Amino acid sequence: MKSGYVAVIGRANAGKSTLINVLVGEKVSIVSPKPQTTRDRILGVYTDEDSQIVFVDTPGIYGADNLLNSVMQKTAEDSAKDVDLTLIVCDAHEGLTDKDVKTVKKFSEATGSAIAILTKTDITTESVLISSLKELGGMDIETVPVSARKGRNLKELIKVIKSKLPEGERIFSDDVISDKSEKFMVSEIMREKILLKFDKEIPHGVAVLVNEFKLREDGKVYDVSLDIICEKQNHKAILIGKQGRAIKEVSSFAREDMEKFLGKKVFLTTYVKVEEDWRNSLKLIKEHGYGE
C-alpha cells in the first residue's frame, strides 16, 4: 500500500483547511475567510483500502507583523521539510498573483516532490483557469485544479497523490482522523466563531484556553469552561458586548458546533481576559499552545 506525509502549503485564504476537511471527510481544521485562521500544524488522516495519506495543514504564508505570525511562518516552512510530498495550494478565483508564483517556485524547488493545487475553480472563469494552468505549466510542476466546495476533481487529486507516495505501512490506525484532541478542537471551534463574528484586528488577537473539559458521570453532557484571551481592554468590551449580548451570541454558535462535533450536549462557560500584546511575548505564545 501507499502511505506518507503530505504537507499542504499556501498563502492565507487559499483554501487549504477546507480542502483537507473535505478529503478527510471530517472537520479537523477550523475555517474562516480571514487570514491567520490556522495557527499551528494539524494532521488530517485519509485512509482507504490501499493507502493512508497524512495531510499536514499549516498556517497560511502571510506577512509577519508580530512574533506570533513569525512563529506561524516558521511552522509552515518547517512542516514542508521531511515529508513525502508537498501540495502548494493557490486560490484560482482571480488568477495567480506574483506572490502565488513565488510561493510555488520556492516550495517546489525546496521540497523536490510537489503538486500545485488550484482551488475554488467553481467560481473561476475558464479563461483565468487556463491562464493559471499555463503559468504553472511553465514551471514544470504537475497541477490539479479542484473545487473542495463542489467536490470537483478530488478523486483525481487523491489518485495523483498516491502515485507520488512511497510503499509503506499504515502510520495511524484506521479510526484516527487527526492528531489533535477533542479538547483542542473545542477551543478551535470557539476561535472560529469569534473569527466569523468580529471584524478587523480583534479576532486575530484572540487565543482560547480550555480550563475545564469534563464528561459528566451520566455520559450525556460535557462541562466546558474557556478563557478567551484578548490584547486590549476595549477589545474585551467589544467581545462581551452591551449587556453581554455579543459573548452570549458567539458562545451559543460555538456550543451548537461543539455538540455536533462531540455528539453530546455541552454546558459552556466563557470568560474574557486581557493580556496586553501577548502575540509579541514568546512566553505567552508558548503558554497558549503555539510554536511548540
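Above this text is the structure in question.
Residues numbered from 1 in each chain as written. Predicted model: local features only at pLDDT ≥ 70, side-chain atom pairs only at ≥ 80, totals over all residues. Heavy atoms only, no water.

Student: Just checking my understanding: could you explain the overall build of the chain for this structure?
Tutor: Helix and strand counts for the chain stand at nine helices and nine strands. Considering only C-alpha atoms, the chain reaches an extent of 55 × 40 × 35 Å along its principal axes. Sorting the 292 residues of the chain into buried and exposed places 49% on the buried side. Surface exposure of the chain reaches about 14100 Å², of which carbon and sulfur atoms provide 48%. Of the side-chain charges in the chain, 45 are positive and 47 negative, and the distance between the mean point of each set is 5 Å. (Helix = DSSP H or I, 4+ residues; strand = E, 2+ residues; numbered from the N terminus. Buried < 20%, exposed > 50% of the residue type's maximum accessible area, 1.4 Å probe, protein only. Areas by Shrake-Rupley, 256 points an atom, 1.4 Å probe, with all protein chains shown as cover. Lys, Arg positive; Asp, Glu negative; His and termini not counted. Charge placed at Lys NZ, Arg CZ, Asp CG, Glu CD.)

Student: Please clarify how the nonpolar core should be interpreted in this entry.
Tutor: Generally speaking, nonpolar side chains in soluble globular proteins are found buried as a group. Core analysis: the largest hydrophobic core is formed by 25 residues, its most contacted members being Phe55, Leu87, Ile117 and Ile161. Going through the elements one at a time, strand 1 (2-10), helix 1 (16-24), strand 3 (51-57), strand 4 (85-91), strand 5 (114-119) and helix 5 (154-164) are the ones with two or more residues in this core. Of all the elements, helix 5 adds the most residues to this core, at five residues. If we skip the residues at most four places from it in the chain, Ile161 touches Val6, Ile53, Phe55, Leu85, Leu87 and Ile115. (Core = buried A, V, L, I, M, F, W, Y, C linked by side-chain atoms within 4.5 Å. Contact = heavy atoms within 4.5 Å.)

Student: How should the packing of aromatic side chains be read in this particular structure?
Tutor: Given two aromatic rings, one states the distance between the centres and the angle between the planes to describe the pair. Within the structure shown, the criterion is met by two aromatic pairs. With 4.8 Å between their ring centres and 20 degrees between their planes, Phe213 and Tyr222 make a pair best called stacked. Looking at Phe213, the relative accessible area reads 24%, which means it is partly exposed. For Tyr222, a relative accessible area of 9% puts it in the buried group. Here Trp278 and Tyr290 contribute two aromatic rings whose centre-to-centre distance is 6.3 Å and whose plane-to-plane angle is 20 degrees, an arrangement assigned as stacked. Of this pair, Trp278 sits in the loop between strand 9 (265-274) and helix 9 (282-287) while Tyr290 sits in the segment after helix 9, and the two are 12 residues apart along the sequence. Accessibility classification places Trp278 together with Tyr290 in one group, the buried group. For Lys180, the ring lying beneath its charged end belongs to Phe184, and the centroid distance is 4.9 Å. The ring of Phe198 carries the charged tip of Lys197 above its face, separated from the ring centre by 5.7 Å. (Phe/Tyr/Trp six-rings, centres within 6.5 Å; stacked < 30°, edge-to-face > 60°. Lys NZ or Arg CZ within 6 Å of the ring centre and 35° of its normal.)

Student: Please clarify how unusual backbone geometry should be interpreted in this entry.
Tutor: A negative phi angle is the norm for most residues apart from glycine, just as the trans form is the norm for most peptide bonds. Even without glycine at this site, Lys120 takes up a positive phi of about 60 degrees. Mapping Lys120 onto the fold places it in the loop between strand 5 and helix 4 (126-137). Residue class for Lys120 comes out partly exposed when judged on its relative accessible area of 27%.

Student: When you look at the sheet that holds strand 1 in this model, what are you seeing that I'm missing?
Tutor: Remark on secondary structure: sheet strands pair via backbone hydrogen bonds, oriented parallel or antiparallel. One open sheet holds the six strands; their spatial order is 2-3-1-4-5-6, and the pairing between them is mixed. The sheet is open, and its two edges are formed by strand 2 (42-48) and strand 6 (143-145), each paired on a single side. In this sheet, neighbouring strand axes are inclined to one another by 25 degrees on average, regardless of whether the strands run parallel or antiparallel. Relative to strand 4, strand 1 runs parallel, the two being bridged by five bridges. (Pairing = 2+ DSSP bridges. Axes fitted to C-alpha atoms, helices over the stretch in contact; angles between N-to-C directions.)

Student: Help me understand the sheet that holds strand 8 (residues 221-230), please; the structure alone is not making it clear to me.
Tutor: With mixed pairing, the three strands of this open sheet are ordered in space as 7-8-9. The open sheet has two edge strands with one neighbour each: strand 7 (207-215) and strand 9. Strand-to-strand, the axes of this sheet are offset by a mean angle of 15 degrees, without reference to chain direction. Relative to strand 9, strand 8 is paired through 10 bridges, and the arrangement is parallel. Across the sheet, residue Leu226 finds its bridge partner in strand 9, namely Thr270. Helix 7 (residues 233-240) rests against strand 8 and strand 9 of the sheet, and its axis sits at about 155 degrees to strand 9.

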